[in-house]
Amino acid sequence: MILVDAGRHDYVSEDNMPFLHSLSQEGTYVRRLSTIHGYAERSSVFTSRPPQEYGYFGNFHRSNKGPFTWLRFASFSGTSNAFKPIRMAISMISKYISGYHFTNVHAVPIKYLHLFDLGEDQAPLYAKGRYNKIKSLFDILIENGKTFEYFDCLESPFQRYLLKKDVLVLMEKKLNRKRDFYYTQLVELDNMGHKLGPSSKEFKEIVQAADKRLKRLITKFYSRFPKGTVILFADHGMTDVKKGINIAKLLPPMSAKTSDTYSYFIDSTSIRVWCTDKARTDKIKNTFLKIKEGKLLTVEDRRRYGLDLPKEHVGDLLFWLEEGSVFFPDFYHPTRLIKGMHGYLEGNDMDGFMIIIGKDIKKKTIEKGHLADLLPTVINLMGLRTNEKMAGKSVN
Ligand SMILES: [Zn+2]
């Protein structure tokens, strides 16, 4: 199973990705795979559930007990590029203290870090019992006595910094260890799509290069396992950024003194505000209502989008931008307006795709599927047994 991160549905064409396009004609091809809402797509892939069921929708949520509490007396933001080594050191110390899987601090102002805890990054997504009562693909594989290899990146920040190796090439070596199931992912289309914008000429070359790299890995896989099945999928798409909105400038400033009564977190396409003061909440609501590029989500909206989560996660106010706009600066991109973004609630560019090839795979094209269909599809293809409830259905 290979995740092509941010592989928008229309990249699968003779011009952009000729190899993937040829595969799409050979097996089962889901032309458009709609994504979930929020930023934890892989958690939905592995559980076939919306965020409100596994309990988070992004990286950070409000909490006084996260891995960064040791920084509560820090008084500086440190979001400029000069602070990169310090942010990396903070990530490593926090990982050591908390025992979390990843503790990347991104560009969250250092003085605010102690207000937040991590969700998806706490433990590896393949860890046994990772989603509490919900059984994931990996729990189901273990229950069925199957072995697996999960490889998405080098796990230590040091290794990642020094080696900068191609994950797909490293994955080739892992195929020498015989397993029933392999998972890996290609992240360049996401990284470079953000940086260059999906419509740019330079990005097109990166898409074409990714197609060649996938061809190399899949060819290697079939030389080792001629009867094997390959599922390629993209968890979401990407759209061009047209406008950056400086939201911090429009809101009352956050400070250490008031953090118990007022705080916020700026994701790229949404912002959450925690505020106990009614007058201030009303004022902020009015500020949001004036931003026509997005909307304040009602309780109804949140439920509909699968984001009916506790306050620590969704805030007292949750405002979401429409396709094409981003908050800038946000807590991920402090210095440069990025050119591509995903994570919108609606939009044509948000869909990914799914391609399944293999000996017994039916040749057919399905116009529309959903990210939640992946897990039931894998279960069906591998003949696994489970009673777990799922939001999607097998496409094969
Ligand atoms: Zn991304």
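Residues numbered from 1 in each chain as written. Predicted model: local features only at pLDDT ≥ 70, side-chain atom pairs only at ≥ 80, totals over all residues.

Colleague: Honestly, the overall build of the protein in this entry has me stumped. Any pointers?
Modeller: Regarding its fold elements, the protein presents 14 helices and 17 strands. In terms of overall size, the protein behaves like a compact globule, its C-alpha atoms giving a radius of gyration of 21 Å where 396 residues would be expected to give roughly 21 Å. Projected onto its principal axes, the C-alpha positions of the protein cover 65 × 45 × 40 Å. (Helix = DSSP H or I, 4+ residues; strand = E, 2+ residues; numbered from the N terminus. Rg over C-alpha atoms; globule rule 2.2 N^0.38 Å.)

Colleague: Looking at this structure, how should I read the sheet that holds strand β2 (residues 28-34)?
Modeller: Paired through backbone hydrogen bonds, the strands of a sheet run either parallel or antiparallel to each other. Spatial ordering of the open sheet is given by β5-β6-β1-β7-β16-β2-β17, a layout of 7 strands whose pairing is mixed. Each edge of the open sheet carries a strand with a single partner, namely β5 (148-151) and β17 (364-370). Within this sheet the neighbouring strands show an average axis-to-axis angle of 15 degrees, counted without direction. Bridge analysis of β2 against strand β16 (residues 352-358) gives 4 bridges, and the strand direction is antiparallel. Across the sheet, residue Thr-28 finds its bridge partner in β16, namely Ile-356. (Pairing = 2+ DSSP bridges. Axes fitted to C-alpha atoms, helices over the stretch in contact; angles between N-to-C directions.)

Colleague: Just checking my understanding: could you explain the domain arrangement of the protein for this structure?
Modeller: The domain boundaries assigned to the protein delineate domain 1 (2-53 + 121-240 + 346-382) and domain 2 (242-337). A separation of 31 Å is found between the C-alpha centroids of domain 1 and domain 2. Taken together, the contact between domain 1 and domain 2 spans 12 residues of the former and 9 residues of the latter. Elements supplying a minimum of two residues to the side of domain 1 that touches domain 2: α3 (51-54) and β8 (239-240). (Domains from an automatic or database assignment. Contact = placed C-beta atoms within 7 Å.)

Colleague: Any chance you could explain the pairing of strand β6 (residues 181-186) here in plain terms?
Modeller: Every other side chain in a regular strand lies on the same face of the sheet, so the side chains alternate between the two faces. The buried count for β6 comes to 5 of 6 residues, which makes it a mostly enclosed element. Of the strand pairs in this sheet, β5 and β6 are connected by 4 bridges, and their pairing is parallel. Note that in β6 the partner of Tyr-150 across the bridge is Tyr-183. (Buried ≥ 20, exposed ≤ 12 C-beta atoms within 10 Å, placed from the backbone.)

Colleague: How do you make sense of the nonpolar core when you look at a structure like this?
Modeller: Inside soluble globular proteins, nonpolar side chains tend to come together where they are buried. Core analysis: the biggest nonpolar cluster contains 96 residues, and Phe-233, Met-354 and Ile-355 have the highest contact counts within it. Counting contributing residues per domain, this core is built from domain 1 (2-53 + 121-240 + 346-382) and domain 2 (242-337), each supplying no fewer than three. (Core = buried A, V, L, I, M, F, W, Y, C linked by C-beta atoms within 7 Å.)

Colleague: Sorry if this is basic, but what is going on with the packing of helix α1 (residues 18-26) against helix α9 (residues 201-224) here?
Modeller: A packed helix pair is summarised by two numbers, namely the angle formed by the two axes and the spacing between the axes. Following both chains from N to C, one finds α1 and α9 inclined at 55 degrees, their axes separated by 7 Å at the closest point. One element, α1, and the other, α9, form an angle in the oblique class. On α9, the residues touching Pro-18, Phe-19 and Leu-20 of α1 are Asp-211, Leu-214 and Lys-215. Classifying every residue of the contact of α1 with α9 by side-chain character gives 4 nonpolar, no polar and 2 charged. (Parallel < 35°, antiparallel > 145°, perpendicular 65-115°, else oblique. Nonpolar A, V, L, I, M, F, W, Y, C, P; charged D, E, K, R; others polar.)

Colleague: Whenever I open this one, the pairing of strand β10 (residues 262-266) confuses me. Can you help?
Modeller: A large share of β10 lies buried, amounting to 4 of its 5 residues. Direction of pairing for β10 relative to strand β11 (residues 270-275): antiparallel, over a ladder of 5 bridges. Of the residues in β11, the one forming a bridge with Tyr-262 is Cys-275. Counted along the chain from β10 to the antiparallel partner β11, the turn is 3 residues long.

Colleague: Can you help me understand helix α8 (residues 188-196) in this one?
Modeller: Because an α-helix packs 3.6 residues into every turn, residues spaced three or four apart end up facing the same way. Buried residues of α8: Leu-189, Asp-190, Met-192, Gly-193 and His-194, and no others. Against β1 (2-4), β6, α9 and β15 (340-341) lie the buried residues of α8. Of the residues one or two after α8, Gly-197 is the one with positive phi, at around 90 degrees.

Colleague: Would you explain the sheet that holds strand β13 (residues 317-321) in this entry?
Modeller: Spatial ordering of the open sheet is given by β10-β11-β13-β12, a layout of 4 strands whose pairing is antiparallel. For this open sheet the edge positions go to β10 and β12 (294-296), each flanked by a neighbour on one side alone. With strand direction ignored, the average angle separating the axes of adjacent strands in the sheet is 15 degrees. Running over the sheet, helix α11 (residues 278-289) touches β10, β11, β12 and β13 and is turned about 10 degrees from β13.

Colleague: So what exactly am I meant to see when it comes to helix α14 (residues 374-382) here?
Modeller: Among all positions in α14, only Leu-374, Leu-375, Thr-377, Val-378 and Ile-379 are buried. A positive backbone phi angle near 65 degrees is found at Gly-383, which sits one or two residues after α14.

Colleague: Help me out: how do you make sense of the packing of α8 against α9 in this one?
Modeller: Two numbers describe how α8 lies on α9: the axes approach to 10 Å, and their chain directions differ by 175 degrees. For the element pair α8 / α9, the angle class is roughly antiparallel. Across the interface between the two elements, Glu-188, Leu-189, Met-192, Gly-193 and Leu-196 from α8 touch Glu-202, Phe-203, Ile-206, Val-207 and Ala-210 from α9. Here the contact of α8 with α9 is built from residues that sort into 7 nonpolar, 1 polar and 2 charged.

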